[in-house]
Amino acid sequence: MRKSTADNDDPPPPPPPPPPPLDSHTTRSAAAAEGIAELKRGSDAMKHGRKGKPYATTFTLSSDERTLTWVGKNFLGRNATRELPLGDVLELMIGHESEVFQRSINSSSDRGTQAHLSLSLLLLESEEQGERASLDLSFSDDEQFGLWVAALRTLLAEHQPLPALVVVPRSPSDPALALLVPRATHGSQSASAFSAAR
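Residues numbered from 1 in each chain as written. Predicted model: local features only at pLDDT ≥ 70, side-chain atom pairs only at ≥ 80, totals over all residues. Heavy atoms only, no water.

Student: So what's going on with the overall build of the protein chain? Residues and values would help.
Tutor: A count of helical and extended segments in the protein chain gives five helices and nine strands. Written out in order from the N terminus, the α and β elements of the protein chain read α-α-β-β-β-β-β-α-β-β-α-β-β-α. Scored against the burial criterion, the 198 residues of the protein chain give a buried share of 42%. Long-range pairs, those at least 24 residues apart, make up 58% of the contacts in the protein chain between residues at least 6 apart in sequence. Split by element, the accessible area of the protein chain, about 11500 Å² in all, is 54% carbon and sulfur. (Helix = DSSP H or I, 4+ residues; strand = E, 2+ residues; numbered from the N terminus. Buried < 20%, exposed > 50% of the residue type's maximum accessible area, 1.4 Å probe, protein only. Contact = heavy atoms within 4.5 Å. Areas by Shrake-Rupley, 256 points an atom, 1.4 Å probe, with all protein chains shown as cover.)

This is the structure in structure tokens:
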């Protein structure tokens, strides 16, 4: 008996697997990769708060590269571990642009802080009296500052959505030198806990 054509046909081959997603890590610059590695090990910076003198603080990036942690003071003056999800960051600003720096830069404790070695992470949530919460840091040398900026720019671009970019000038006198940082469209309740440890 002759077999039908249908009996002779082999089953169709399975469809090819979809291409793997683009690994954003492959687009990281050498400076960003080095800065991220340093943050994972723990990197020191001078932390500036709304009250009191700036103090040296060690910041650590989590293994999933989504959260910065450090040990700060709570309202009782005791050490407490604090964290900042990078998804809560609205802007990365270079220089003395934040309200914290603007208020304290003329004080005796901050006179030695250089604008070109300072940065602020502006958060989604506001402090009391309508002021935007921020994490304000300064550094002692160009190399460490450059690694932090490269790492933060890359991490913010990778972990935040892709809405309109925010142009943040390095300084009012040098508007051409600007950072393009994605504006976050979501936040969490962590900023309130963060601001309590300033």
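Student: I'd like to hear about the pattern of salt bridges, residue by residue, with values.
Tutor: Tallying each qualifying case throughout the model produces three salt bridges. Linking Glu 158 and Arg 28 is a salt bridge whose minimum nitrogen-to-oxygen distance equals 2.7 Å. One end of the pair, Glu 158, is in helix H4 (residues 142-159); the other, Arg 28, is in the loop between helix H1 (5-8) and helix H2 (30-41), with 130 residues separating them in the sequence. (Salt bridge = Lys/Arg side-chain N within 4 Å of Asp/Glu carboxyl O.)

Student: Please give an account of H2 that cites residues and values.
Tutor: Over its 12 residues, H2 runs 17 Å from end to end, which matches the ideal 16 Å to within 8%, given 1.5 Å per residue. Two residues or fewer past H2, Gly 42 is found with a positive phi of approximately 110°. (Expected span 1.5 Å × (residues − 1).)

Student: Outline H4, listing residues and values.
Tutor: If you check H4, its first and last C-alpha atoms are 26 Å apart, about what 18 residues at 1.5 Å a residue would give, namely 26 Å. Taken together, the buried positions of H4 are occupied by Gln 144, Phe 145, Leu 147, Trp 148, Val 149, Ala 150, Ala 151, Leu 152, Thr 154, Leu 155, Leu 156 and His 159. Two or three places before Glu 143, at the start of H4, stands the capping residue Asp 141, its side-chain oxygen 3.1 Å from that residue's backbone nitrogen. (Polar contact = N/O pair within 3.5 Å; in protein donor to acceptor, adjacent residues only side chain to side chain.)

Student: Let's hear about the side chain of Asp 136: which residues, and what values?
Tutor: Looking at where Asp 136 falls in the secondary structure, it is placed in strand S7 (residues 132-138). Of the polar contacts made by the side chain of Asp 136, one reaches the side chain of Ser 134; its length is 2.7 Å.

Student: Quick one: what's the story with the pairing of strand S2 (residues 55-61), residue by residue and with numbers?
Tutor: As paired strands, strand S1 (residues 43-48) and S2 are joined by five bridges and run antiparallel to one another. By the bridge assignment, Lys 47 is partnered in S2 with Tyr 55. Between S1 and the antiparallel strand that follows it, S2, lie six residues; Gly 52 among them carries a positive phi value of about 80°. (Pairing = 2+ DSSP bridges.)

Student: Talk me through a negative patch on the surface; I want residue IDs and the actual numbers.
Tutor: Together, Glu 34, Asp 141, Asp 142 and Glu 143 make up a negatively charged patch on the protein surface. In this structure, Glu 34 sits in helix H2. (Patch = residues over 30% accessible without salt bridge, like charges linked within 9 Å, V, L, I, M, F, W, Y side chains within 5 Å. Lys, Arg positive; Asp, Glu negative; His and termini not counted. Charge placed at Lys NZ, Arg CZ, Asp CG, Glu CD.)

Student: Can you lay out the environment of His 159 for me, pointing to particular residues and giving the numbers?
Tutor: Here His 159 is to be found in helix H4. Judged by relative accessible area, which is 19%, His 159 ranks as buried. Apart from the residues lying within four places of it in its own chain, the contact partners of His 159 are Asp 64, Glu 65 and Arg 66.

Student: Can you break down the nonpolar core residue by residue, with the values?
Tutor: Counting residues in hydrophobic clusters, the biggest one holds 27 residues, and the most contacted among them are Phe 59, Leu 68, Leu 119, Leu 121, Leu 137 and Trp 148. Contributions of two or more residues to this core are made by H2, S2, strand S3 (67-73), strand S5 (89-94), strand S6 (118-126), S7 and H4. Here the element with the most residues in this core is H4; it accounts for seven residues. Once residues lying within four places of it in the same chain are set aside, the contact partners of Leu 121 are Leu 68, Leu 84, Val 89, Glu 91, Leu 92, Ala 133, Ser 134, Leu 135 and Leu 152. (Core = buried A, V, L, I, M, F, W, Y, C linked by side-chain atoms within 4.5 Å.)

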